[in-house]
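The lines below spell out each chain.
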Amino acid sequence: MIPTQHLRIHQYAALQPGPKLIVTGAVHGNEVHGSKAMAEIMKQLDSGELTLLRGVLTFVPIVNPLAHTLDRREGDRNLNRNLRPPIVPQDYEDRIARQLCPLLAAHDGLLDLHSFQSQGQPFAMVGPRNNTGELEPFAHEAIESAVVARLGVNRIVEGWLSTYAEGIRRRQARASDGSRKAQLVTDPHYGVGTTEYMRSTGGWAITLECGQHMDPNGPTVARLAILRTLVHLGMLAPEAVEPFQPTAPLEMLRLYDVIDRESMDDHFAREWKSFDAVTEGDLVGTRANGEPVLAPSSGRIVFPNVKSQPGTEWFYLARASDRLLA
């Protein structure tokens with residue numbers, strides 16, 4: 001099957017002014033909970049079951065058609081890394097970025113819907129706290145905090161780009177060839193994906209990991225999150241969806257390290273799931289040369305990936321954050 005050479009974009013413009021929200025799915029082609037949820041909500045909007053009260057709502061259910069057609073995470077490369085408008089497109093994802101980046105910049109906020117490989121509960125990721133630093137200056141902490149607290153998940157994660165920047169520095173020190181792949185994964189911009197690019201244009205953005213790739217509840221998690229975001233923004237009437245009622249306090253975590261796989265013979269010590277607890281000194285895995293990989297402090301393991309390739313992310317580490325959400 002030949003992948004489409006276009007992006008399919010669905011847009012609803014209310015007759016009253018308001019926020020401009022874009023919702024994206026299948027940025028990684030095999031992560032389709034969001035795509036399914038958008039299809040259901042579009043049916044409701046088209047039938048009149050739901051009414052957009054104000055603003056502009058844009059759906060891009062399949063952001064990476066090549067990866068989606070191949071039923072895998074990437075097409076030519078990972079679209080959700082090193083995202084920026086290319087000067088000279090060199091691969092399929094560059095051509096997507098040429099259309100996607102200005103589309104993101106035309107909106108106020110982004111809800112980016114994903115899923116993950118290992119078993120685990122849905123969670124969300126937010127941007128940095130308000131700051132004027134060089135890495136990721138930001139001024140919309142309040143709206144991200146307010147939206148993420150209403151999505152329907154109990155676990156929130158921050159610290160992506162600062163953690164990734166440290167990982168890139170270590171990766172650069174190990175770089176051994178000048179291939180395009182090596183250049184991409186050692187580029188300081190490599191940690192920038194959809195949400196980071198959105199924030200760089202002055203908007204706000206949230207990533208929602210809707211569950212494991214095959215979790216039958218994933219589309220429902222995605223659908224409720226979209227509707228709750230729209231209600232919070234005043235774009236849908238409150239009766240469109242029941243508000244999220246947490247059954248436990250929200251858990252706020254901060255990523256603090258990313259560990260790359262160095263060889264396909266590197267292996268985990270056990271079958272880890274995202275957010276499994278680790279204690280300082282725990283054996284996480286073993287390198288091909290027999291060197292143990294130990295947890296540097298107590299916390300959680302995040303995104304353990306048994307399919308990662310050498311020179312790319314093997315797993316992340318997180319610990320409790322003192323950030324308070326609205």
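See the structure shown above.
Residues numbered from 1 in each chain as written. Predicted model: local features only at pLDDT ≥ 70, side-chain atom pairs only at ≥ 80, totals over all residues. Heavy atoms only, no water.

Tell me about the sheet that holds strand β11 (residues 283–286), and please be specific about residues and values.
Across the sheet, three strands lie side by side as β9-β11-β12; this open sheet has antiparallel pairing. Of all strands in the sheet, those bounded by a partner on one side alone are β9 (267–268) and β12 (292–294). Examined bridge by bridge, β9 and β11 share two bridges and lie antiparallel to one another. Counted as the bridge partner of H267 is T286 from β11. (Pairing = 2+ DSSP bridges. Helix = DSSP H or I, 4+ residues; strand = E, 2+ residues; numbered from the N terminus.)

For the pairing of strand β4 (residues 109–116), give the residues involved together with the corresponding values.
Taking burial as the measure, the eight residues of β4 include eight buried ones, the bulk of the element. Here β4 shows two buried faces, one formed by G109, L111, L113 and S115 and the other by L110, D112, H114 and F116. Of the strand pairs in this sheet, strand β2 (residues 20–24) and β4 are connected by four bridges, and their pairing is parallel. Considered in β4, the bridge of T24 is made with D112. As paired elements, β4 and strand β7 (residues 204–212) share seven bridges and run parallel to each other. In the strand pairing of β7, F116 is matched with Q212. (Buried < 20%, exposed > 50% of the residue type's maximum accessible area, 1.4 Å probe, protein only.)

Would you mind going over helix α8 (residues 218–232) in detail, with residue names and values included?
The end-to-end C-alpha distance of α8 is 21 Å, a good match for the 21 Å that 15 residues give at a rise of 1.5 Å each. If you check which residues of α8 are buried, you get G218, A222, A225, I226, L227, R228, T229 and L230. Against β2, α1 (33–47), β3 (56–60), β4, α4 (141–148) and β7 lie the buried residues of α8. Phi turns positive one or two residues past the end of α8, at G234, with a value near 75 degrees. (Expected span 1.5 Å × (residues − 1). Contact = heavy atoms within 4.5 Å.)

Describe the sheet that holds β3, naming the residues involved and giving the relevant values.
What the eleven strands build is an open sheet, ordered β1-β3-β2-β4-β7-β5-β6-β8-β14-β13-β10; its pairing is mixed. Two strands bound the open sheet, and with one partner strand each, they are β1 (10–13) and β10 (276–278). The sheet shows a mean angle of 25 degrees between the axes of neighbouring strands, direction not considered. The strands touched by α1 within the sheet are β1, β2, β3, β4 and β7, with β3 carrying the most contacts at an inclination of about 135 degrees. Where α8 meets the sheet, it contacts β2, β3, β4 and β7, and its direction lies at approximately 155 degrees from that of β7. (Axes fitted to C-alpha atoms, helices over the stretch in contact; angles between N-to-C directions.)

An account of the pattern of salt bridges is requested, with residue identities and associated values reported.
Inspection of every chain in the model, using the stated rule, returns 17 salt bridges. We note a salt bridge from R129 to D322, for which the minimum N-O separation is 2.9 Å. On the criterion of sequence distance, the pair formed by R129 in the loop between β5 (123–125) and α4 and D322 in the segment after β14 (313–320) is long-range, its members being 193 residues apart. With a shortest N-O distance of 3.6 Å, K273 and D276 are connected by a salt bridge. Given the relative accessible area of 36%, K273 is considered partly exposed. Among the residues examined, D276 registers a relative accessible area of 11% and is labelled buried. (Salt bridge = Lys/Arg side-chain N within 4 Å of Asp/Glu carboxyl O.)

An account of the pairing of β2 is needed here, citing residue identities and associated values.
Consecutive side chains along a regular strand alternate between the two faces of the sheet. With four of five residues buried, β2 lies mostly within the body of the structure. Taken together, the five bridges between β2 and β3 define a ladder with parallel strand orientation. By the bridge assignment for β3, K20 is matched with V56.

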